[in-house]
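# Breakdown of the fold
Chain residues, written in single-letter form:
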Amino acid sequence: APLTTTAARAGIAGFSCAVVSAPLNVLDVCKVRQQNARAGTPTAEYRGFLPTALKIWREEGALLFTRGMTPSMLRELSYSSIRIGGYEPVRAALSRNAGSHSDSSASGAVKYASGIVSGGIGAALAHPFDLARVTDQAALPGVPRRGVVELLVGVRRREGLAGLYRGWTVTTARAAVLTSSQVGTYDYVKHNILVRHFGMEEGVLLHLCASMLAGLATTTATSPFDVLRTRVLASDATSPAGVALHVLRTEGLSTFFRGWIPNYCRLGPHTVASFLLKRRCETRAASAHFDGKARGAAAAAGPPWMDAAVRAEVDEVAPW
């Protein structure tokens, strides 16, 4: 696809994910507090999703749930633009090398490999925003709130430039697994199962079913990486492997799935809403490309980035 096509789709993907992440930030705060809970420390009381949410509400107020929202949205704008926007070009390249006749008929291995590549690159580049988000959300009561710039400048002064990328390997590994399981599962379930075997047609129901299944797979696959990322970024640890071994020896394997419920409550709706919003934005943008009278005739061409599924929806666009 042309560069303009890739850039347009990447921009829509990043915008959609950033918008969806804002109302779900409350779940992110609860998840980080749960994952960072350690016996014998003030964090030990953050156990269980509802108890954690109620404790935060009572002690710190509702505004605490907006903690880390700005770096989270900035991260989505950069990270998700690359991981989702870059997925299809990577898939197309791998499909050609694998001898597939079309991108949508690519094998499951190609789709998951595409997610690993695009997700890993996106996370590596956007890591400083992730560091700022986790640091802000993990801060206990009494620690003053700081802006994104203040947080990152503070890390730069204390730890140097390398400090901004402390823990980037585990963040990148998590993102590679997340994008592979989210985008790859969504793509595979949608085309290879729901369309091919169940005859579902393009529309909201198809996207909803594929997204919910992708969210379930994503939450389970990324939970160990998510816990490890929180532990590394919320501390001064520099060795993810050392942190993983310490957690395994002192707290057990189940610790790596702590915060699964708020994680799914965030990732499930995030997967559904971001893919549906991305599709709607593409459809609205395609619709705006045509004038009212020439729309039907022009639909055969449309903007260069518009795929067949969006083209089919152009004449059915409804107001928000």
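Anything mentioned here points back to the structure above.
My aim in this report is to walk through the structure given alongside it, one point at a time. (Residues numbered from 1 in each chain as written. Predicted model: local features only at pLDDT ≥ 70, side-chain atom pairs only at ≥ 80, totals over all residues. Heavy atoms only, no water.)

### Let's talk about the overall build of the protein
For the record, the criterion: Numbering of helices and strands runs from the N terminus, with a helix taken as a DSSP run of H or I at least four residues long and a strand as a DSSP run of E at least two residues long. Each residue's exposure class comes from its accessible area (1.4 Å probe, protein chains only) as a fraction of the maximum for that residue type: buried when under 20%, exposed when over 50%, partly exposed otherwise. Any two residues whose heavy atoms approach within 4.5 Å are treated as being in contact.
In terms of helices and strands, the protein carries 13 helices and zero strands. Start at the N end of the protein and walk to the C end: the helices and strands fall as α-α-α-α-α-α-α-α-α-α-α-α-α. Across the 320 residues that make up the protein, the buried fraction comes to 51%. The long-range fraction of contacts in the protein, counting pairs at least 24 apart against all pairs at least 6 apart in sequence, stands at 76%.

### Comments concerning the packing of aromatic side chains
For clarity, the cut-off: Each pair of aromatic rings taken from Phe, Tyr and Trp, with Trp reduced to its six-membered ring, is defined by centres within 6.5 Å and is described as stacked if the planes are under 30 degrees apart, edge-to-face if over 60, and tilted in the remaining cases. Here, a charge over a ring means that NZ of Lys or CZ of Arg falls within 6 Å of the ring centre while also lying within 35 degrees of the ring normal.
Under the defined criterion, the tally for this structure stands at two aromatic pairs. Geometrically, the ring pair formed by Trp57 and Phe65 is tilted, given 6.5 Å between the ring centres and 35° between the ring planes. The exposure class assigned to Trp57 is exposed, which follows from its relative accessible area of 54%. Note that Lys55 overlies the ring of Tyr46, its terminal NZ or CZ placed 5.5 Å from the centroid.

### With respect to the environment of Leu267
In this structure, Leu267 sits in helix α11 (residues 260–289). Through-space distance from the C-alpha of Leu267 to that of Asp28 is 9.7 Å; in sequence the pair is 239 residues apart. If we ignore the near neighbours within four places in the chain, the residues touching Leu267 are Leu178, Thr218, Thr219 and Thr222.

### Overview of the nonpolar core
Quick note on the threshold: Residues belong to one nonpolar core when they are buried, are Ala, Val, Leu, Ile, Met, Phe, Trp, Tyr or Cys, and are joined through side-chain atoms within 4.5 Å.
Membership of the largest hydrophobic core comes to 16 residues, with the highest contact counts inside it found for Ala132, Leu152, Leu228, Val232, Leu233 and Val243. Mapped by element, the contributors of at least two residues to this core are α6 (108–138), α7 (148–159), α9 (204–233) and α10 (240–251). The greatest single-element share of this core, amounting to four residues, is contributed by α7. Apart from residues lying up to four places away in sequence, Leu233 is in contact with His127, Asp130, Leu131, Val134, Thr135, Arg166, Gly167 and Thr171. In this structure, Ala13, Tyr87, Tyr186 and Ala210 belong to the second largest nonpolar core, which totals 13 residues.

### Thoughts on the packing of α6 against α9
What counts here: Between N-to-C directions, angles span 0 to 180 degrees; the directions come from axes that are lines fitted to C-alpha atoms, helices contributing only their stretch in contact. By definition in this entry, angles of less than 35 degrees are roughly parallel, angles greater than 145 are roughly antiparallel, angles of 65 to 115 are roughly perpendicular, and the rest are oblique. Note on residue classes: Ala, Val, Leu, Ile, Met, Phe, Trp, Tyr, Cys and Pro are nonpolar, Asp, Glu, Lys and Arg are charged, and everything else, Gly too, is polar.
Taken N-terminus to C-terminus, the directions of α6 and α9 make an angle of 80°; their axes are 9 Å apart at the nearest point. For the element pair α6 / α9, the angle class is roughly perpendicular. Between α6 and α9, the residues in contact are His127, Asp130, Leu131, Arg133, Val134 and Thr135 and Arg229, Thr230 and Leu233, respectively. Looking at the contact of α6 with α9 residue by residue, the classes come out as three nonpolar, three polar and three charged.

By themselves, these are just geometric observations and shouldn't be taken as functional.
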